[in-house]
Amino acid sequence: MLPVYQEVKPNPLQDANLCSRVFFWWLNPLFKIGHKRRLEEDDMYSVLPEVRSQHLGEELQGFWDKEVLRAGNDAQKPSLTRAIIKCYWKSYLVLGIFTLIEESTKVIQPIFLGKIINYFEHYDPMDSVALHKAYAYAAVLTFCTLILAILHHLYFYHVQCAGMRLRVAMCHMIYRKALRLSNMAMGKTTTGQIVNLLSNDVNKFDQVTVFLHFLWAGPLQAIAVTALLWMEIGISCLAGMAVLIVLLPLQSCFGKLFSSLRSKTATFTDIRIRTMNEVITGIRIIKMYAWEKSFSDLITNLRRKEISKILRSSYLRGMNLASFFSASKIIVFVTFTTYVLLGKVITASRVFVAVTLYGAVRLTVTLFFPSAIERVSEAIVSIRRIQNFLLLDEISQRNRQLPSDGKNMVHVQDFTAFWDKASETPTLQGLSFTVRPGELLAVVGPVGAGKDLQLLEDGDLTVIGDRGTTLSGGQKARVNLARAVYQDADIYLLDDPLSAVDAEVSRHLFELCICQTLHEKITILVTHQLQYLKAASQILILKDGKMVQKGTYTEFLKSGLDFGSLLKKDNEEGEQLSVPETPTLRNRTFSESSVWSQQSSRPSLKDGAVESQDTENVPATLSEENRSEGKVGFKAYKNYFRAGAHWIVIIFLVLLNAAAQVAYVLQDWWLSYWANKQSALNGTVNGGGNVTQRLDLNWYLGIYSGLTVATVLFGIARSLLVFYVLVNSSQTLHNKMFESILKAPVLFFDRNPIGRILNRFSKDIGHLDDLLPLTFLDFIQTLLQVVGVVSVAVAVIPWIAIPLVPLGIVFIFLRRYFLETSRDVKRLESTTRSPVFSHLSSSLQGLWTIRAYKAEERCQELFDAHQDLHSEAWFLFLTTSRWLAVRLDAICAMFVIVVAFGSLILAKTLDAGQVGLALSYALTLMGMFQWCVRQSAEVENMMISVERVIEYTDLEKEAPWEYQKRPPPAWPHEGVIIFDNVNFMYSLDGPLVLKHLTALIKSREKVGIVGRTGAGKSSLISALFRLSEPEGKIWIDKILTTEIGLHDLRKKMSIIPQEPVLFTGTMRKNLDPFDEHTDEELWNALQEVQLKETIEDLPGKMDTELAESGSNFSVGQRQLVCLARAILRKNKILIIDEATANVDPRTDELIQKKIREKFAHCTVLTIAHRLNTIIDSDKIMVLDSGRLKEYDEPYVLLQNKESLFYKMVQQLGKAEAAALTETAKQVYFKRNYPHIGHTDHMVTNTSSGQPSTLAIFETAL
């Protein structure tokens, strides 16, 4: 394992000087690296010592422990909020000073703006004192602008760091708690819940710290602005403020509506993704049943419901954005209409001071303040949830050391234990035994007997547990065993490490490892493998938690005790080991697969017999990473928009956007024009007191109102249309992608893991539905405003265009330079986040193992190391975005300086209104410009999702579902199948899995197909169903299978698959997705397979919704449903891919019997794993590595001692082979010489009746 703190690059921030800290210069080397090549984890700077996970966690934990003590003394409930405040209030309060300075500066700026405009209103070329004053004001204005640019980003960086600190400390505490949870507490919480605390709840801290200070800054600023406005324009300012106050509840009302819609949408999305998951998982079956259309309709309906909700919530968002866009317009309009109607005179300085002041307060009041309230309420909920978790029971930490003088022994006297304090029945009762060094105690008993060992969790112990659930259970078991042996303890508790591996490995482990390596130690082995009991010094037999007997192997043999009967409560119990319905105690041992072996076991082909198709599925996968490098092409944008609407609509959309922006600018321009006319009038009359009012109010006010209304309407129309087009586009692309997936050949699903395909449908489509339209609209709005600002400035002072060019070039270079690095940082941030979660969930699964190994410390250190790695990436993520923002704001500040001083230099040619317009616009550029750039980068990032979806809309397709040439409806009425020199491979470049196969299967023949794993048995069926196109010819009743459509072919053959698949939905849909049968037919089919009672007991009978993929039925029952499907289809050809592992003997017998009854008149192909099921077939096909080796009647094949089939039968053991041969003989004589009926009858009774099936079952066990 890696050392916990490997040497990383020291953090340059530690010894950066003030200037470097303010402008983030210390990051420059990182950007240089990012410019040259891709950033890797080694390029990240190490975390600052004060942000180390361990340091932060222990600090906060200290405050929390004190709080728990205090609450205990005062008999109150401890408050996590109080602990957090005590820990962080000082450092966070300092940041409040930043907020104060920044928000005050925003309020002061407009005053100086007013002074500058004032100079123009009373412009006198001779007055040099006024000019110097004006220059001073301009200097103060630019100084304010610079302060804002710098302070804002420092502040944001520091509050985000504060958020990070709190989050990291919380995570440390949650993990520490998780390791100490008692058994009871584990029952009250779930792994999912803990992971959720760590993934969602703590993220609220990152957001809450950013806005928290606005809770007091917002109202203060609003009061200050109102006071200033009162001084400027008197009582009419209240009208504007009133509008602002009205907008607040309106926005929060939108927010409420939006979140309720959001949760409804989320449920639809969940259902859609769950269904998608089932479709992709069961795609083989869906294709073989030709059920694609049914699922296509299902998903389309779900998606339609989801999209209608998404459209609604998008329109709400659109309204919200539009209201934000036009709020300032409406406020200014109301204010000045009131002002003019009160008979006051409008002047440029007043207009633009008011406009700028409203601009300052609007952001705070309509955006930051509500966000703060929302975030705080979210954070309080999260804190409450975390607090409840932190108050759960812990296990007591005992640290007694056993004397280590080699005189150890384990002595247990009358021991009784419960899983849960609350449960009635003891898991273990009245145990007594003693084990000395060098002895091996074996513990045996049926499932659920209570061999759980972790009750002995003290002392110098080593535990191995394994469930062997994954494919490579065997490897996992070996890793565990080895790990335990290397620990070299004195006492070993082995919890059935042998059952997960095959017999050969198991014997090897037992002899070498358990008997030799550990022969001097005290060893307790829990096992199901009876063959190893001979070696045990003593044996303890448990049943139902009680000790049945204790003694040595020889004693037991003498007393005539049958070990086998002990392990079987009854036959079914033994078989049902893997059926989830049996509530066995093993579900909760430390077998919860141990922590480290989780990472170490990779599926190996040795342990799990993997079907041949999987061996060549060496994933020829598309690598995902390289998609996210480089630019998104113009083509992606084109396809994205074209998917949403016709190009005429798109042209209209562009024009609408332009119109909205023009109206927006014109409204302000009209005010300045009006003020200019007014001051010109004042200037000419000069003193004729009455004349000032003479401007035609109706005309000016009328146009002003018209422009305001136009701005609002265009703004709303544009928002809604953008959302309509983009959500529509998401819908179209989803449908195209889904259609393309359904028509993709099976190979595609073998090559791409389910997760990757699902990701397109969940994450990427989620982006298209939700985030992309919003970000896109936001980007378009801000971009147009930036363009508006610049064009107004250029229109007023054409000379501005000259400095604009270099600024523009610098900006474009900066953006590209920044994106090279930021993309990598973002990628690193998400890749370093996942180990934190995987470490948490594997720790929770292996909790017992961690405790047994006393590895809590080690795990906590590892967790902290993972957290620190993520903090490194997060730190870079925060600082790099600030690096860019500071530089962008610097460009904007330059622009403000140019406009301010430029207008003073050219004072002769300008009037006050124009200067006011240009300057107040330039000031709004500050935050807006960098927001625009950031959104552009976001849009580009999200367009990657669009590219990934588009990539899946044109996958290679399998043959069409229907051709012009359709087979006659009654086809195939004979069921004759001819293979004529068939070759088959799964992919064009793959190996041949069937080679030159030629065979004739006559009408109504029953054919068994046998062969070793990978012989090509399943491939034969794939070729028949054309899951991939075979070479050569396959005829069914004189029709070439390759000449008809896939659905026409697949619908005519029934298959009972090896893995029974049920889909979420009703039982009726599962039997008959196209509603082709009557209720009576369905009930009859269910009665045939003995499921009628089971279904009738369900609340809604056949219309009961099944749990996810039918998990409320046992495997056997699911297999019976598959049989019922086959009975309903009434096809002439039935194919059975025999299920062995999971079905109990009764069900198995029922299935065999039904197949012999119901399908007597059909052609039946059975892929067999147990020879007894096919020994009475008409013919047997023996395949070996893709070739047909033998094809004849079973009895004939058995006569030939050299045949593969004979050898396969002999491998089963003498008694078994004799029974099978006898059965084959009778079937042969019955079929070929039916007149010798009498003796035959007698024979059947003796040898091939009931006993033989039982004997066969015994060996299968």
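The structure under discussion appears in the preceding block.
These notes cover the structure that comes with them. Values in this document were obtained by computation on a predicted structure and should not be read as measured data. (Residues numbered from 1 in each chain as written. Predicted model: local features only at pLDDT ≥ 70, side-chain atom pairs only at ≥ 80, totals over all residues. Heavy atoms only, no water.)

## Overview of the packing of aromatic side chains
At step 1: As enumerated under the stated definition, the model contains 44 aromatic pairs in all.
At step 2: Ring centres of Y135 and F901 lie 6.0 Å apart, and the angle between their planes is 15°; this geometry places the pair in the stacked category. Highlighted residues: Y135 in helix 5 (residues 128–180) and F901 in helix 28 (residues 856–905), separated in sequence by 766 residues.
At step 3: Since its relative accessible area comes to 27%, Y135 is described here as partly exposed.
At step 4: Each ring, one from Y640 and one from F776, has its centre 6.4 Å from the other, and the planes form 45°; the classification is tilted. With a gap of 136 residues between them, Y640 in helix 21 (residues 634–644) and F776 in helix 25 (residues 754–796) connect regions that are remote in the sequence. Considered together, Y640 and F776 belong to a single accessibility category, that of buried residues.
At step 5: Following the ring pairs from residue to residue traces out a cluster consisting of F333, W669, W670, Y673, W674, W699, Y700 and Y704.
At step 6: A cation over a ring is seen here: R167 above W874, with NZ or CZ 5.1 Å from the ring centre.
At step 7: Above the ring of Y664, the side-chain terminus of K329 is found at 3.9 Å from the ring centroid. (Phe/Tyr/Trp six-rings, centres within 6.5 Å; stacked < 30°, edge-to-face > 60°. Helix = DSSP H or I, 4+ residues; strand = E, 2+ residues; numbered from the N terminus. Buried < 20%, exposed > 50% of the residue type's maximum accessible area, 1.4 Å probe, protein only. Lys NZ or Arg CZ within 6 Å of the ring centre and 35° of its normal.)

## Notes on the pairing of strand 15 (residues 1133–1137)
At step 1: Of all five residues that make up strand 15, five are buried, and the element is covered over most of its length.
At step 2: Judged by which residues are buried, strand 15 turns out to be covered on both faces: I1133, I1135 and D1137 on one side and L1134 and I1136 on the other are all buried.
At step 3: Here strand 14 (residues 1053–1056) runs beside strand 15; their pairing, made up of four bridges, is parallel. Bridge pairing links S1054 to L1134 in strand 15.
At step 4: Relative to strand 16 (residues 1163–1167), strand 15 runs parallel, the two being bridged by five bridges. Residue pairing for strand 16: I1135 is matched across the bridge by L1165. (Pairing = 2+ DSSP bridges.)

## Overview of the sheet that holds strand 10 (residues 994–1001)
At step 1: Pairing is antiparallel in the open sheet, where four strands are placed in the order 10-9-12-13. Each edge of the open sheet carries a strand with a single partner, namely strand 10 and strand 13 (1039–1040).
At step 2: As paired strands, strand 9 (residues 977–984) and strand 10 are joined by five bridges and run antiparallel to one another. From the neighbouring strand, I978 faces strand 10, where its bridge partner is L1000.

## Topic: the pairing of strand 12 (residues 1031–1036)
At step 1: Alignment of strand 9 against strand 12, held across five bridges, turns out to be antiparallel. Residue I977 lies in a different strand from strand 12, and its bridge partner there is I1036.
At step 2: Relative to strand 13, strand 12 is paired through two bridges, and the arrangement is antiparallel. Pairing of W1035 across the sheet is with L1040, part of strand 13.
At step 3: Taken together, strand 12 and the strand that follows it, strand 13, pair antiparallel across an intervening segment of two residues, in which D1037 is found at a positive phi of about 45°.

## Quick look at the packing of helix 2 (residues 28–36) against helix 28
At step 1: Interaxial distance between helix 2 and helix 28 falls to 11 Å at its minimum, and their mutual angle equals 95°. Taken as axis vectors, helix 2 and helix 28 run roughly perpendicular relative to one another. Of helix 28, the residues touching helix 2 (which contributes N28, L30 and F31) are L876, T880, W883 and R887.
At step 2: Its residues assigned to classes, the contact of helix 2 with helix 28 shows four nonpolar, two polar and one charged. (Axes fitted to C-alpha atoms, helices over the stretch in contact; angles between N-to-C directions. Parallel < 35°, antiparallel > 145°, perpendicular 65-115°, else oblique. Contact = heavy atoms within 4.5 Å. Nonpolar A, V, L, I, M, F, W, Y, C, P; charged D, E, K, R; others polar.)

## Some details on helix 23 (residues 697–742)
At step 1: Taking 1.5 Å as the rise per residue, helix 23 with 46 residues should run 68 Å; its terminal C-alpha atoms sit 67 Å apart, in good agreement.
At step 2: Between the side-chain oxygen of the N-cap and the backbone nitrogen of N698 there are 3.3 Å, and the N-cap of helix 23 in question is D696. (Expected span 1.5 Å × (residues − 1). Polar contact = N/O pair within 3.5 Å; in protein donor to acceptor, adjacent residues only side chain to side chain.)

## Looking at the environment of G715
At step 1: Within the secondary structure, G715 is located in helix 23.
At step 2: G715 sits in the buried class, given a relative accessible area of 0%.
At step 3: Separated by 390 residues in the primary sequence, G715 and F325 place their C-alpha atoms 7.2 Å from one another.
At step 4: Those residues in contact with G715 that lie beyond four places of it in its chain are A322, F325 and A660.

## Overview of helix 29 (residues 912–951)
At step 1: Taking 1.5 Å of rise per residue, 40 residues should cover 58 Å, and helix 29 covers 56 Å from first to last C-alpha, within 8% of that figure.
At step 2: By the largest-angle criterion, M926 marks the main kink of helix 29, which is about 50°.
At step 3: Counted residue by residue, helix 29 has 32 buried out of 40 residues, so it is predominantly covered. (Bend = angle between axes of the 7 residues up to and from the residue.)

## A word on the packing of helix 9 (residues 214–233) against helix 10 (residues 237–281)
At step 1: Closest axis-to-axis distance for the helix 9/helix 10 pair is 9 Å, and the angle between their directions is 150°. Relative to helix 10, helix 9 is oriented roughly antiparallel. Packed against helix 9, whose contacting residues are A222, V225, T226, L229, W230 and I233, the element helix 10 presents C237, L238 and M241 at the interface.
At step 2: When its residues are assigned to classes, the contact of helix 9 with helix 10 shows eight nonpolar, one polar and no charged.

## Some words on the pattern of salt bridges
At step 1: Under the criterion given, the structure shown has 39 salt bridges.
At step 2: For D868, the salt bridge identified is with R52, shortest N-O distance 3.9 Å. Pair noted here: D868 is in helix 28 and R52 is in the loop between helix 2 and helix 3 (53–73), with a separation of 816 residues, a long-range link.
At step 3: One salt bridge connects K177 with E394, and the closest N-O pair in it is separated by 3.0 Å. Separated by 217 residues along the polypeptide, K177 in helix 5 and E394 in the loop between helix 13 (348–390) and strand 1 (410–417) bring together distant segments of the chain.
At step 4: Residues participating in the shared-partner salt-bridge network are R272, R303, E306 and D769. (Salt bridge = Lys/Arg side-chain N within 4 Å of Asp/Glu carboxyl O.)

## Things to note about the sheet that holds strand 16
At step 1: In spatial order, the strands read 14-15-16-11-17-18; together these six strands make up an open sheet with mixed pairing. Strand pairing shows two members of the sheet lacking a second neighbour, strand 14 and strand 18 (1187–1192), which therefore form its edges. Here the strands of the sheet are splayed against their neighbours by 20° on average, with no regard to which way each runs.
At step 2: Of the pairings in the sheet, the one linking strand 11 (residues 1006–1010) to strand 16 comprises four bridges and is parallel in character. Its bridge partner being in strand 16, K1006 is matched across the sheet by V1164.
At step 3: Along the sheet face, helix 35 (residues 1115–1129) touches strand 14 and strand 15 and points at about 170° away from the line of strand 14.

## Description of unusual backbone geometry
At step 1: Residues W971 and P972 are joined by a peptide bond in cis, for which omega reads -15°.
At step 2: Structurally, P972 can be placed in the loop between helix 29 and strand 9.
At step 3: Backbone geometry at D1037 places phi at a positive 45°, although glycine is not the residue there.
At step 4: Take D1037: it is sitting in the loop between strand 12 and strand 13.
At step 5: For D1037, a relative accessible area of 13% gives the class buried.
At step 6: Backbone geometry places K1038, a non-glycine residue, at a positive phi of 65°.
At step 7: Relative to the elements of secondary structure, K1038 occurs in the loop between strand 12 and strand 13.
At step 8: Using a relative accessible area of 79% as the deciding quantity, one classes K1038 as exposed.

Purely spatial values, then, with no claim about function.
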